[in-house]
Amino acid sequence: MSHDTLPRPAKATGPTPPPPRGPRPGRRHWTRRANPVAGAGALIWLVIVLIPVYAMLSASLTGPDQALTGNPLTPPTEPTLDNYNTVLNSGFGHLLANTAIVAVSVVGIVLGLCVPLAYTAVRTRTRWSGAAFRLFLLGVAIPAQAVVVPLYLLIAELGLYDSLLAVILPTAAFAMPVSVLVLVGTLRDISEELYEAMALDGASPLRMLFQLTVPLAKGGIGTVVIYSALQAWNGFLFPLIFTQSDGPRVLTLGLFTYVSQFGVDVPALLASVVLSGIPVFAVYLVARRALVSGLMGVGGK
């Protein structure tokens, strides 16, 4: 029998075994390594942040005669909740409600104006839209203290002095430049092919905004919500200048209740600070992922 007539081996009919796992040739296999220097630095930073918080909580549980004596890091020997009762019984709920109204209104105004504005700046590629966007960003370089007198005259002329609107409108105006900057960076990350696909389906610009842009810009929108809410919650200059009576007073001005010409009620003041910070901390816990993703990628997708 010749070599050409030898029978060929039968082909395997079973399933082909998977290739062996492992690093592919020609590629480096990266592994995570412990970084003790970074861990030690993070631990030191955590201690630096927690020490003032601990001192504030500890002092808010002491009596007025013990707040300024002894070591502030020593736990209170006789902790008491009288300071929190004093704060809650001195109109804290009214201050909290006014501050919440200001914060929610500022967030609504900023989102209602900045999202369409950022969408227009990204989707309209003309010289005039670019110039308007750069002109709008000049507000980042203008401090509120520089224009507080013209704002006071304008608000007084409009009849808004000593009202919550006198606090809401300037706060929203000064939060808009940074918000637009964050949202423009977010919307620029959205693929152009997605807009083209919706345009081929006959979608209008308004439908693209609400069905495509807003869902893909949740990270940037979350960042803007937290930023503008914090600006409104911690605002002090506008409530101080544009309000006078107790009706529109907010939390930052309410802290003056515990400051008099004869002294400062330190435990009650710190108890008020603790209570006013709880809502902000709760909002951060809920939206921390959106905030981090937005700050890491200027909004992200």
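Just above sits the structure.
Residues numbered from 1 in each chain as written. Predicted model: local features only at pLDDT ≥ 70, side-chain atom pairs only at ≥ 80, totals over all residues. Heavy atoms only, no water.

Asker: In this structure, what is going on with the nonpolar core? I would like to understand it.
Answerer: Nonpolar side chains tend toward joint burial in soluble globular proteins. Judged by nonpolar contacts, the single largest core of 45 residues is most densely connected at Val102, Val106, Val110, Leu183, Val184 and Leu187. For this core, the element with the most residues is helix α3 (residues 92–123), which contributes 12 residues. Counting eight residues, the second largest nonpolar core, distinct from the first, contains Ala144, Leu160, Ala166 and Phe242. (Core = buried A, V, L, I, M, F, W, Y, C linked by side-chain atoms within 4.5 Å. Buried < 20%, exposed > 50% of the residue type's maximum accessible area, 1.4 Å probe, protein only. Helix = DSSP H or I, 4+ residues; strand = E, 2+ residues; numbered from the N terminus.)

Asker: It is not clear to me how the packing of helix α7 (residues 192–200) against helix α8 (residues 205–216) should be interpreted in this structure. Could you clarify?
Answerer: Between two packed helices, both the angle of their axes relative to each other and the distance between the axes serve to describe the pair. At a closest axis distance of 11 Å, the pairing of α7 and α8 adopts a crossing angle of 150 degrees. With respect to their mutual orientation, α7 and α8 come out roughly antiparallel. Between α7 and α8 lies a crossing whose hand is right-handed. Residues Leu194, Tyr195, Met198 and Ala199 of α7 pack against Arg207, Met208, Gln211, Leu212, Thr213 and Leu216 of α8. Looking at side-chain class alone, the contact of α7 with α8 contains seven nonpolar, two polar and one charged residues. (Axes fitted to C-alpha atoms, helices over the stretch in contact; angles between N-to-C directions. Parallel < 35°, antiparallel > 145°, perpendicular 65-115°, else oblique. Left-handed = near helix turned anticlockwise from the far one by under 90°. Contact = heavy atoms within 4.5 Å. Nonpolar A, V, L, I, M, F, W, Y, C, P; charged D, E, K, R; others polar.)

Asker: Mind showing me how you'd approach the environment of Asn89 here?
Answerer: With respect to the helices, strands and loops of the structure, Asn89 is situated in the loop between α2 (82–88) and α3. Here Asn85 takes part through its backbone oxygen, which lies 2.9 Å from a polar atom of the side chain of Asn89. (Polar contact = N/O pair within 3.5 Å; in protein donor to acceptor, adjacent residues only side chain to side chain.)

Asker: What exactly am I supposed to notice about the packing of α3 against helix α6 (residues 165–187) here?
Answerer: Close contact between α3 and α6 brings their axes to 7 Å; oriented N to C, the two are set at 40 degrees. When the interaxial angle is binned, α3 and α6 end up oblique. Seen along the crossing, α3 lies across α6 with a hand that is right-handed. Here the contact of α3 with α6 is composed, by residue class, of 23 nonpolar, three polar and no charged.

Asker: How do you make sense of the packing of aromatic side chains when you look at a structure like this?
Answerer: Scanning all chains against the criterion turns up five aromatic pairs. Aromatic pair Phe174 and Phe238: ring centres 5.7 Å apart, planes at 45 degrees, arrangement tilted. Taken together, the residues Phe174 in helix α6 and Phe238 in helix α10 (residues 237–242) connect sequence positions 64 residues apart. Among the aromatic residues, ring-to-ring pairing joins Phe174, Phe238 and Phe242 into one connected group. Lying across the ring of Tyr195, Arg123 places its NZ or CZ 4.0 Å from the centre. (Phe/Tyr/Trp six-rings, centres within 6.5 Å; stacked < 30°, edge-to-face > 60°. Lys NZ or Arg CZ within 6 Å of the ring centre and 35° of its normal.)

Asker: Honestly, the pattern of salt bridges in this entry has me stumped. Any pointers?
Answerer: Pairs can form between side chains of opposite charge whenever their charged atoms are close. The tally for this structure, following the rule as stated, stands at two salt bridges. With its nearest N and O atoms 3.1 Å apart, the salt bridge here joins Glu192 to Arg123. On the criterion of sequence distance, the pair formed by Glu192 in helix α7 and Arg123 in helix α3 is long-range, its members being 69 residues apart. With relative accessibility at 25%, the residue Arg123 sits in the partly exposed group. With a shortest N-O distance of 3.4 Å, Asp246 and Arg249 are connected by a salt bridge. (Salt bridge = Lys/Arg side-chain N within 4 Å of Asp/Glu carboxyl O.)

Asker: Before we go on, may I ask you to explain the side chain of Thr213 in this structure?
Answerer: Here Thr213 shows up in helix α8. By relative accessible area, Thr213 is classed as buried at 1%. Within the structure, Thr213 has its side chain in polar contact with the side chain of Tyr195 (distance 3.2 Å).

Asker: Got a minute to help me understand the environment of Gly185 in this structure?
Answerer: The residue Gly185 is located in helix α6 in this model. When the C-alpha positions of Gly185 and Ala217 are compared, they lie 9.8 Å apart, and in sequence the two are 32 residues distant.

Asker: I tried to follow a nonpolar patch on the surface on my own but got confused; where do I start?
Answerer: Nonpolar side chains collect at one region of the surface, where Leu43, Leu46, Val47, Leu50, Ile51, Tyr54 and Leu73 lie side by side and expose about 610 Å² of accessible area between them. Looking at where Leu43 falls in the secondary structure, it is placed in helix α1 (residues 36–60). For Leu43, a relative accessible area of 53% translates into the label exposed. (Patch = residues over 30% accessible without salt bridge, like charges linked within 9 Å, V, L, I, M, F, W, Y side chains within 5 Å. Areas by Shrake-Rupley, 256 points an atom, 1.4 Å probe, with all protein chains shown as cover.)

Asker: In this structure, what is going on with unusual backbone geometry? I would like to understand it.
Answerer: Most peptide bonds take the trans configuration, and most residues that are not glycine carry a negative phi. Even without glycine at this site, Asp162 takes up a positive phi of about 60 degrees. By secondary structure assignment, the location of Asp162 is in the loop between α5 (148–158) and α6.

Asker: I'm lost on α6 in this one. Help?
Answerer: The periodicity of an α-helix, 3.6 residues per turn, causes residues three or four positions apart to be oriented the same way. Taking 1.5 Å per residue as the helical rise, α6 with its 23 residues ought to reach 33 Å, and the 31 Å between its terminal C-alpha atoms agrees with that figure. Of all the bends in α6, the largest measures some 35 degrees and sits at Met176, one to four residues before the proline Pro177. For α6, the buried fraction is high: 17 of the 23 residues fall into the buried class. (Expected span 1.5 Å × (residues − 1). Bend = angle between axes of the 7 residues up to and from the residue.)

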